[in-house]
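Understanding the architecture of this molecule
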Amino acid sequence: MTLPRRAVLAAGLAAGLAGCGRAASTTPTWGEPVATSEPLAAAAGPSAAARPTTAATRSAPAPYGAKVKDTLTKYLKPTKDNPKHPGYAGAVALVMQDGSTRMTTAVGHALRYGAGPVDLPAAKRVAMRTDSIFDLASLTKVYTAILTLQLVDQGKIALDAPVLKYLPDFTGAGKDKITVAMLLAHTSALPVGAKVTGFAGNTARWQSVMTTPLVKGGVPGTTFRYSSTGLMVLGRLVEKFTGKSLDKALRDNLTTPLGLKDTGFQPLKWVADKQRLVATDARTSRGLLRGTVHDDVCNTLGGVAGHAGVFGTARDVAVIGQMLLNGGTYHGKRILSAATVKQMLTDVNKGKPAIDAERPGRSADHGLGVEMNQPWFMGKLASATAFGHTGFTGTSLLVVPARQTVVVLLTNRAHPNWSWSNPDTHRVAVHNAIAG
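What counts, and where the lines are drawn
- Residues numbered from 1 in each chain as written.
- Predicted model: local features only at pLDDT ≥ 70, side-chain atom pairs only at ≥ 80, totals over all residues.
- Heavy atoms only, no water.
- Phe/Tyr/Trp six-rings, centres within 6.5 Å; stacked < 30°, edge-to-face > 60°.
- Helix = DSSP H or I, 4+ residues; strand = E, 2+ residues; numbered from the N terminus.
- Buried < 20%, exposed > 50% of the residue type's maximum accessible area, 1.4 Å probe, protein only.
- Lys NZ or Arg CZ within 6 Å of the ring centre and 35° of its normal.
- Core = buried A, V, L, I, M, F, W, Y, C linked by side-chain atoms within 4.5 Å.
- Contact = heavy atoms within 4.5 Å.
- Pairing = 2+ DSSP bridges.
- Salt bridge = Lys/Arg side-chain N within 4 Å of Asp/Glu carboxyl O.
- Polar contact = N/O pair within 3.5 Å; in protein donor to acceptor, adjacent residues only side chain to side chain.

Let us now look at the packing of aromatic side chains. Following the criterion strictly, the structure yields 5 aromatic pairs and no others. With 5.5 Å between their ring centres and 85° between their planes, Y166 and F241 make a pair best called edge-to-face. Of this pair, Y166 sits in helix 6 (residues 163-166) while F241 is found in helix 9 (residues 228-242), placing the two residues 75 residues apart along the sequence. Overall, Y166 belongs to the buried group, its relative accessible area being 6%. The ring of W376 is capped by R359, whose NZ or CZ atom sits 3.8 Å from the centre of that ring. The positively charged end of R413 is found above the aromatic ring belonging to F392, 4.5 Å away from the centroid.

Printed below as a string of structure tokens:
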């Protein structure tokens with residue numbers, strides 16, 4: 001389960017904000033699963049122009065398609081490995097291979113529960129669609145990493161330079177040794193989260209983030225410790241050198257060049273069809289969350305931060321994976337240099353220990369902004385060159401260069417209660433189905 005990390009992330013937040021760990025107050029009645037499978041050309045939505053499709057893609061179904069769909073559908077109800085609750089209310093899986101979409105499937109519901117949580121009557125539920133828009137949670141870190149590496153390409157920052165050189169307010173004992181690369185590789189010795197409550201405004205909140213002390217006994221550059229704080233700092237670095245807020249930097253430097261019209265922060269401002277928004281929490285402290293970021297820290301900061309807050313569709317996420325697989329380009333648009341992508345997708349933590357209370361058996365393998373060779377979520381698709389990332393809400397991106405394959409799995413396992421299931425179970429099952 002993901003309780004330990006979430007508990008740490010919630011430290012310093014008001015109890016009413018966190019609302020974590022409580023069991024549901026009602027006993028839901030499980031309805032029959034809803035499953036749909038659409039060819040690439042059939043999906044609606046404003047980003048259709050950015051979705052390449054060919055007759056060959058539609059006429060050549062993936063050999064693992066039925067197994068993936070069966071796997072997704074299974075977790076719409078309690079299972080032996082998750083007996084008390086469904087794994088999620090709904091999910092979307094998309095697989096690209098050799099640059100073409102081989103399968104895309106949606107199951108279950110984008111909205112299943114109301115605040116309380118209560119199981120909504122069938123007429124009020126919203127079925128999941130292949131173009132549903134998810135809270136991507138920590139997949140945001142990949143986007144922030146790409147924006148940071150663009151600055152490296154432009155010569156504005158250096159990976160081996162101390163962060164303090166660029167951000168003078170990044171203060172605290174030992175933090176002068178932290179480099180940009182360490183933040184990307186999670187070896188900075190910064191803690192998972194930062195205190196952002198109890199302050200009068202965002203200026204003070206961000207000052208608290210920037211002055212967050214190292215973990216006790218932590219030595220920068222020596223040990224892998226997953227840190228959302230580090231990516232929050234990188235988001236500020238992006239803002240400084242682009243001269244734009246992080247949401248606008250994302251829009252101008254990544255999503256617009258790639259034609260990703262269904263990706264961005266604060267989706268309630270730009271999503272026209274609100275039925276496409278996937279719900280997350282539905283408990284009492286913040287009520288039903290749908291289009292509002294699930295991460296409490298990001299929410300307190302206004303919904304825009306380097307570690308969380310980006311929303312998007314499976315297809316848009318897949319484009320990010322394909323762009324990296326292509327060496328930094330997609331449909332003629334260069335986002336990163338090939339040399340920088342090679343650095344990004346190289347394990348920079350070889351030989352280093354990893355400290356992760358949730359996954360004590362994990363390795364430190366990590367590139368510059370992406371996880372590498374992690375069987376705990378990649379399953380049988382894990383390999384020395386496989387890379388990707390996960391998100392707390394139940395999202396994941398996995399790229400397997402040896403197979404020229406991009407896998408996106410987006411679930412709303414935090415709907416209505418993130419403590420109901422372990423999302424790694426679903427990720428491994430889907431990836432194993434694809435691996436064969």
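Looking now at the nonpolar core. I146, V180, L254 and M344 are the most contacted members of the largest nonpolar core, which has 75 residues in total. When neighbours within four sequence positions are excluded, V180 is seen to be in contact with T148, I157, A158, L159, A161, V163, Y166, L234 and L237. Among the nonpolar cores identified, the runner-up in size contains 26 residues, and Y64, Y75, L381 and V400 belong to it.

The subject of this paragraph is the sheet that holds strand 9 (residues 310-312). Spatially, 7-9-8 is the arrangement adopted by the 3 strands of the open sheet, whose pairing is antiparallel. This sheet does not close on itself; its edge strands, each paired only once, are strand 7 (134-135) and strand 8 (264-265).

Counting across every chain of the model gives 17 salt bridges. Notably, a salt bridge pairs K244 with D252, separated by 2.9 Å at the nearest N-O pair. For K244, a relative accessible area of 30% gives the class partly exposed. One salt-bridge network, in which partners are shared between bridges, spans R129, D131, D262, D273 and R276.

Before going further, it helps to spend a moment on the environment of R251. Along the chain, R251 turns up in helix 10 (residues 246-258). Contacts of R251, omitting those with residues within four sequence positions, involve T256 and P257. For R251, the side chain forms a polar contact with the side chain of D252, separated by 2.7 Å.

The side chains of a regular strand alternate between both faces of the sheet. Among the 12 residues in strand 3 (residues 100-111), 10 count as buried, and that is most of the element. Between the end of strand 2 (residues 90-97) and the start of strand 3, which pair antiparallel, lie 2 residues, with D98 showing a positive phi angle near 55°. The pairing of strand 3 with strand 6 (residues 126-127) spans 2 bridges and is classified as antiparallel. Note that in strand 6 the partner of H109 across the bridge is A127.

This paragraph deals with the pairing of strand 2. Of all the 8 residues making up strand 2, 7 are buried; the element is thus mostly covered by neighbouring parts of the structure. For strand 2 and strand 3, the ladder comprises 8 bridges, and the chain directions are antiparallel. Bridged to M96 within strand 3 is T101. Of the pairings in the sheet, the one linking strand 2 to strand 15 (residues 405-411) comprises 7 bridges and is antiparallel in character. Looking across to strand 15, one finds that A91 is bridged to T411.

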